[in-house]
Amino acid sequence: MSELSVATPGDMAELRAMFAAAAGPMNFIAGGTDMLIAGRPLPMGGLLIDLSRVAGMAFICADDGGIRIGGATTVAAIAADRGLALRLPALAEAAAQCGSVQIRNRATVGGNIANAAPAADLVPVLVAAGARLGCIGRDGASCELAICDYTPGRGHLIAEVILPRNGLLPYSAFVKLGPRQDLSISRLNIALLAEFQDGCFGDVRIAAGALGPRPLRLPLAEAALAGKELAPATLRDFLSALTAEVDAAIPGRGSQTYKRRAIAGLGLDLVAQALGLSPRGQLFEEAAQ
Ligand SMILES: Cc1cc2nc3c(=O)[nH]c(=O)nc-3n(C[C@H](O)[C@H](O)[C@H](O)COP(=O)(O)OP(=O)(O)OC[C@H]3O[C@@H](n4cnc5c(N)ncnc54)[C@H](O)[C@@H]3O)c2cc1C
């Protein structure tokens, strides 16, 4: 294999030209927080493209059509964006809970998706919101993929994350459970996006991480809330559906018992947070009994 060479394109045109010219293996590095972890094998040859200085790859742009986030946008920028916090609070919350200050300042949304960790914190929110990825293929051509259809390791550069308006439901939340308060990789994380009016849920989308090789939608849990009144009986059905989702996702695993209990507690926090209610209110106390 050829020696490893590192390229640092300054803009998208230069980046595309590198795609066209590269003959051998091509890899990307953005924040380096996953790639440079001790013990991980680094690319041994070919071209390593540093995305951290590409003008036009780090942006957050919201308009009537939805929200677009550049693939090299840092997790810190996502956590700090006031427009995002209003339109998709779950994503701002997931970003705020990702790693430490130092990690968030380097880590990018593209890296979080491409690294494809089962517990990646931004991904459940993006899956629930029906995100699409604006990519550049190995041949330099642009293409758009649903986030669920993205397969890492195929040479696709994630140039931007597209959140269509119809996926941005007005109420949303993200909660995670980890071994520690800070700097904690999720043992379970879950995102909820919902419509809610006059005490009733409308459309509901829920996705969870660390329940399989990649974050997944939870259709039983969605159906337990969608179109239902916010009441203790509804919440109890929701908790039963969440435990059923765990049983279906990881049957017989060592962590099944722990996760089916943990997800019930997370589920109540999730609904309370999305609707701006106290999880210690009477409604949630009754549901937990
Ligand atoms: C101490 C520590 C704590 C952490 N805590 C958390 C946490 O709480 N939650 C969490 O979700 N993650 C956590 N992480 C993991 C990591 O920080 C995130 O996954 C981060 O978002 C990765 O982004 P990056 O830019 O650093 O990726 P990099 O390390 O630069 O790249 C990771 C992979 O993605 C590929 N890649 C990067 N950008 C693109 C792109 N635009 N298109 C295509 N491929 C691309 C690279 O080729 C590489 O294979 C933690 C990591 C560390 C070291």
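**Side note on the nonpolar core**
Then comes step 1: Counting residues in hydrophobic clusters, the biggest one holds 37 residues, and the most contacted among them are I69, L91, I113, L122, L126, V161 and L163.
Then comes step 2: Of all the elements in the fold, those that place two or more residues in this core are β5 (66-70), α2 (75-80), α4 (89-96), α6 (109-114), α7 (122-128), β6 (132-136), β8 (157-164) and β10 (188-197).
Then comes step 3: No other element matches α7, which puts six residues into this core.
Then comes step 4: Lining this core are residues from two domains, each supplying at least three of them: domain 2 (60-167) and domain 3 (171-288).
Then comes step 5: Look past the residues within four positions of I113 in its chain and what remains in contact with it is V123, L126, L133, I147, Y150, I158 and V161.
Then comes step 6: By size, the runner-up hydrophobic cluster in this structure holds 35 residues, among which are A194, V246, L268 and A272.

**Structural notes on the domain arrangement of the chain**
Then comes step 1: Segmentation of the chain into domains returns domain 1 (4-50), domain 2 (60-167) and domain 3 (171-288).
Then comes step 2: In this complex, domain 2 contributes 26 residues to the contact, which on the side of domain 3 involves 22 residues.
Then comes step 3: Together, the buried faces of domain 2 and domain 3 total about 1,700 Å²; carbon and sulfur atoms form 58% of this surface.
Then comes step 4: Our count for the contact surface shared by domain 2 and domain 3 stands at one salt bridge.
Then comes step 5: Connecting domain 2 to domain 3 are nine residue pairs in polar contact (both at pLDDT 80 or more).
Then comes step 6: Breaking the side of domain 2 that touches domain 3 down by element, the ones donating at least two residues are α4 and α7.
Then comes step 7: The element that contributes the greatest number of residues to the side of domain 2 that touches domain 3 is α7, accounting for five residues.
Then comes step 8: Per-class residue counts for the side of domain 2 that touches domain 3 are 19 nonpolar, five polar and two charged.

Cut-off values and rules
- Residues numbered from 1 in each chain as written.
- Predicted model: local features only at pLDDT ≥ 70, side-chain atom pairs only at ≥ 80, totals over all residues.
- Heavy atoms only, no water.
- Core = buried A, V, L, I, M, F, W, Y, C linked by side-chain atoms within 4.5 Å.
- Buried < 20%, exposed > 50% of the residue type's maximum accessible area, 1.4 Å probe, protein only.
- Helix = DSSP H or I, 4+ residues; strand = E, 2+ residues; numbered from the N terminus.
- Domains from an automatic or database assignment.
- Contact = heavy atoms within 4.5 Å.
- Buried area = accessible area lost by both parts, 1.4 Å probe.
- Salt bridge = Lys/Arg side-chain N within 4 Å of Asp/Glu carboxyl O.
- Polar contact = N/O pair within 3.5 Å; in protein donor to acceptor, adjacent residues only side chain to side chain.
- Nonpolar A, V, L, I, M, F, W, Y, C, P; charged D, E, K, R; others polar.

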